[in-house]
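Listed below are the residues making up each chain.
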Amino acid sequence: MPQISLHAPVGDISISEEEGNIVALDWGWGRDQASTPLLKETVKQLNAYFDGQLMRFDLPLKPFGTAFQQRVWKHMCKIPYGKVHTYGVVAAALASSARAVGTACGRNPIPIIIPCHRIVGAGTLGGYSGGDGLGTKVALLRLENADIVA
């Protein structure tokens, strides 16, 4: 599976591609580096995002997860840049529970690109499973000038 890594403001990240789709974004520097046109485009879009010049990613994604997780991740992609939704609001939209939405957020295999950082708790930021945890979530929301309590 081709993978490429880059230095980002939230730490080193590695992006993985499978069959012409982005399937993972992980923190840390990947052991094997292989550049493809899609991975180069992903790095370009991530750099533009971190530079404040890209508000919506346009990449083929294929995150692996349950049907419910897929629904949550699809909903996340509809949350506009710089905006946040609560776990409860997303749960209501999907006829689910806030806890189930939180679990799906924590299992998001392509964070940043599938913006789980835009889902927060009611009156709290909630958690974040990537990078430095909550510090990374705050950094991403501040990058987007989101109205947050931190």
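Everything below is about the structure shown above.
Summary of the structure given here.

A word on the overall build of the protein
When helices and strands are tallied, the protein shows five helices and five strands. For the protein, the α and β elements follow one another from N to C terminus as β-β-β-α-α-β-α-α-β-α. Its C-alpha radius of gyration of 15 Å places the protein within 12% of the 15 Å reference for a compact globule of 150 residues. Here the C-alpha coordinates of the protein stretch approximately 40 × 30 × 25 Å along the principal axes. Considering the protein as a whole, with its 150 residues, one finds that 48% of them fall into the buried category. Expressed as a percentage of contacts within the protein between residues at least 6 apart in sequence, the contacts between residues at least 24 apart total 55%. Carbon together with sulfur atoms contributes 53% to the accessible area of the protein, which is approximately 7600 Å² in total. Here the protein carries 14 positive and 12 negative side-chain charges, and the mean point of each set is 10 Å from the other.

A word on helix H2 (residues 67–76)
Owing to its 3.6 residues per turn, the α-helix brings residues three or four apart onto one side. All of the buried residues in H2 are Gln 69, Val 72, Trp 73, His 75 and Met 76. Relative to the axis of H2, the buried residues are bounded by an arc of 160° and lie together on one face. Counted as exposed and oriented over 90 degrees from the buried face of H2: Ala 67 and Lys 74.

What to know about the sheet that holds strand E3 (residues 21–27)
One open sheet holds the three strands; their spatial order is E1-E2-E3, and the pairing between them is antiparallel. Taken across any chain shown, the strands that pair with only one partner, and hence form the sheet edges, are strand E1 (3–8) and E3. Averaged over all adjacent pairs, the angle separating strand axes in this sheet is 25°, with direction ignored. Sheet topology places strand E2 (residues 11–18) next to E3; six bridges connect them, and they run antiparallel. Residue Glu 17 lies in a different strand from E3, and its bridge partner there is Ile 22. Running at roughly 145° to E2, helix H1 (residues 37–50) makes contact with E1, E2 and E3 of the sheet.

As for the layout of surface pockets
Its boundaries defined by the atoms lining it, the largest pocket holds a volume of some 230 Å³. By residue class, the composition of the lining of the largest pocket is 12 nonpolar, no polar and three charged.

Here's the deal with the pairing of E1
Across the six residues that make up E1, a large majority, five, are buried. Bridging between E1 and E2 involves six bridges; their strand directions are antiparallel. Its bridge partner lying in E2, Ala 8 is registered against Gly 11. The turn joining E1 and E2, which pair antiparallel and follow one another in sequence, is formed by two residues.

So, the environment of Leu 134
Assignment of secondary structure puts Leu 134 in helix H5 (residues 134–143). Accessibility expressed as a relative area gives 39% for Leu 134, which makes it partly exposed. Expressed as a C-alpha distance, the spacing of Leu 134 and His 117, which sit 17 residues apart in the sequence, is 9.2 Å. When neighbours within four sequence positions are excluded, Leu 134 is seen to be in contact with Leu 125, Gly 126 and Tyr 128.

Here's the deal with unusual backbone geometry
At Ile 112, a residue that is not glycine, the phi angle is positive and equals roughly 75°. Its location among the elements puts Ile 112 in the loop between helix H4 (98–106) and strand E5 (119–120). Even without being a glycine, Asn 145 presents a positive backbone phi close to 55°.

Notes on the side chain of Glu 144
Mapped onto the fold, Glu 144 is located in the segment after H5. Residue Glu 144 is classed as buried on the basis of its relative accessible area, which comes to 3%. Only 2.9 Å separates the side chain of Glu 144 from the side chain of Arg 118, close enough to count as a polar contact. If sequence neighbours within four positions are ignored, Glu 144 has contacts with Tyr 49, Tyr 81, Gly 82, His 117 and Arg 118.

Conventions we followed
- Residues numbered from 1 in each chain as written.
- Predicted model: local features only at pLDDT ≥ 70, side-chain atom pairs only at ≥ 80, totals over all residues.
- Heavy atoms only, no water.
- Helix = DSSP H or I, 4+ residues; strand = E, 2+ residues; numbered from the N terminus.
- Rg over C-alpha atoms; globule rule 2.2 N^0.38 Å.
- Buried < 20%, exposed > 50% of the residue type's maximum accessible area, 1.4 Å probe, protein only.
- Contact = heavy atoms within 4.5 Å.
- Areas by Shrake-Rupley, 256 points an atom, 1.4 Å probe, with all protein chains shown as cover.
- Lys, Arg positive; Asp, Glu negative; His and termini not counted.
- Charge placed at Lys NZ, Arg CZ, Asp CG, Glu CD.
- Arc of directions from axis to C-beta.
- Pairing = 2+ DSSP bridges.
- Axes fitted to C-alpha atoms, helices over the stretch in contact; angles between N-to-C directions.
- 1 Å grid on protein atoms, 1.4 Å probe; cavity = no way out; pocket = protein on both sides within 12 Å on 5 of 7 lines; lining within 4 Å.
- Points joined across faces, edges and corners; volume = space filled by probe spheres on them.
- Nonpolar A, V, L, I, M, F, W, Y, C, P; charged D, E, K, R; others polar.
- Polar contact = N/O pair within 3.5 Å; in protein donor to acceptor, adjacent residues only side chain to side chain.

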